[in-house]
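A structural walkthrough
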Amino acid sequence: MKIPFGTLKRQYDMHKDEYENAVLESMRSGWYILGEKVSAFEEAFASYTGTNYSIGVGNGLDALIISIRALDIGIGDEVIVPANTFIASVMGVTINGATPIFVDCDKYSLIDVDKIEEKITAKTKAILPVHLYGQSCNMEKIMEIAKKNNLYVIEDCAQSHGATFKDEKTGTFGDISCFSFYPGKNLGCFGDGGAINTSDEKLYNRIKMLRNYGSEKKYHNKEVGYNSRLDEIQAAILLVKLRYLEELTIERENIAKKYLENINNENIKLPEISKNCRHVWHLFVIEVENRDKFQNYMQSKNIDTMIHYPIPPYLSEAYSYLNIKRGIYTNTEKLSERIVSLPIYNGMTNEEIFYVIESINNYK
Ligand SMILES: *Cc1c(COP(=O)(O)O)cnc(C)c1O
């Protein structure tokens, strides 16, 4: 049996006619940018998430860039970010000229909330928690620290559509939340897409302007903005998929549950889940001592695995100018050498799930 790391074909096939009709309808309408579909999706996604507003943008990185800009965070300012994250979370900060201040991760692979306060300085403007792999950060603690220190909170929800902390959805805690609809995300479109959610009307109006050349009214540009808009066809697709997101999430939870209950090998460390969270399993990440050996073994069983992520952002070439040495964020570095992501995708059959489990259990 051959098990891919992921495949989007199967979830496409589940609701094929609806996707195809939605795209056709959009194409035939003759209106392709900032039309009815984008507005309808923004309304539906804000309501799904539980914020007053949602603004569709070009992708998840743009959502971060525009959000940080909308909060007037830039040169000379500091933003607290997790050391363990996908590099886009950090780029959103540095593209605005601000400085990322890293905080090591905890046993959930998320920003360690007990190490945030020691990083706060007079320059700190915001905390940027990332709900990595589909599990929410401890938002209760983060909001408490932010309030006490008068900081903004920008949630990176690119991997956490539908995830909750104490029954509240990620994306509703902070001032602004950033989503990606990259095809492989839990709510993915068929190209690039993203959204910014907020309940603050002023921020909403500014972000709507910023995504469209800084203009509210055509050719009346109030500030230097961006061209970053979710397009009508992607919005039409997302409107269909959003209706099935709960179903798709439950399916991912069921796969994760089978992994958690049946993988039993002393060489494998399973992911830790906080009881305060609904984990939506964007990724199922295990730890193993000899990763190369394990990945080669899995490949010999025809099972694809991946690593999220092999190089912490602050050690990547792009951020060599920050001059951050190895050995400071030791939990993150240890993870980056041990983690492996297992296949988890909508449409994965029981036979496939148990083939992965059995293969792992036979690994020595
Ligand atoms: C995917 C991702 C992004 C960026 O989203 P794009 O749409 O690919 O630009 C940002 N942050 C995290 C945590 C992500 O996983």
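Reading guide: rules and limits
Residues numbered from 1 in each chain as written. Predicted model: local features only at pLDDT ≥ 70, side-chain atom pairs only at ≥ 80, totals over all residues. Heavy atoms only, no water. Helix = DSSP H or I, 4+ residues; strand = E, 2+ residues; numbered from the N terminus. Contact = heavy atoms within 4.5 Å. Phe/Tyr/Trp six-rings, centres within 6.5 Å; stacked < 30°, edge-to-face > 60°. Buried < 20%, exposed > 50% of the residue type's maximum accessible area, 1.4 Å probe, protein only. Near = heavy atom within 4 Å. Polar contact = N/O pair within 3.5 Å; in protein donor to acceptor, adjacent residues only side chain to side chain. Areas by Shrake-Rupley, 256 points an atom, 1.4 Å probe, with all protein chains shown as cover. Nonpolar A, V, L, I, M, F, W, Y, C, P; charged D, E, K, R; others polar.

1. A look at the side chain of Glu287
The residue Glu287 is located in strand E14 (residues 284-288) in this model. Setting aside residues up to four positions removed in sequence, Glu287 forms contacts with Asn267, Ile268, Lys269, Leu335, Arg338 and Ile339.

2. What about the packing of aromatic side chains?
In total, this model carries 19 aromatic pairs according to the counting rule given. A ring pair is formed by Phe102 and Tyr314, whose centres lie 5.4 Å apart and whose planes are at 55 degrees; its orientation type is tilted. Taken together, the residues span a long stretch of sequence, with Phe102 in strand E3 (residues 99-103) and Tyr314 in the loop between helix H9 (291-300) and helix H10 (330-338) at a distance of 212 residues. Phe102 gets classed as buried once you look at its relative accessible area, which sits at 1%. Tyr314 sits in the buried class, given a relative accessible area of 1%. Ring geometry for Trp281 versus Phe284: centroids 5.0 Å apart, planes at 25 degrees, classification stacked. For the pair shown, Trp281 and Phe284 are each scored as buried.

3. Side note on the site of the ligand
As a matter of local geometry, the ligand sits amid 13 residues, with Gly60, Asp156, Gln159, Ser180 and Lys185 nearest to it. Between Gln159 and the ligand, the recorded distance is 2.8 Å, taken from a side-chain N or O atom to an oxygen atom. Note that an oxygen atom of the ligand is positioned 2.7 Å from one of the side-chain N or O atoms of Ser180. Protein contacts shield 91% of the accessible area of the ligand, which totals 380 Å² for the unbound molecule. Within the residue set of the shell around the ligand, elements represented by two or more residues are helix H4 (60-70) and helix H5 (88-94). Of the residues forming the shell around the ligand, the biggest block, 3 residues, is contributed by H4. Residues that form the shell around the ligand fall into these classes: 6 nonpolar, 5 polar and 2 charged.

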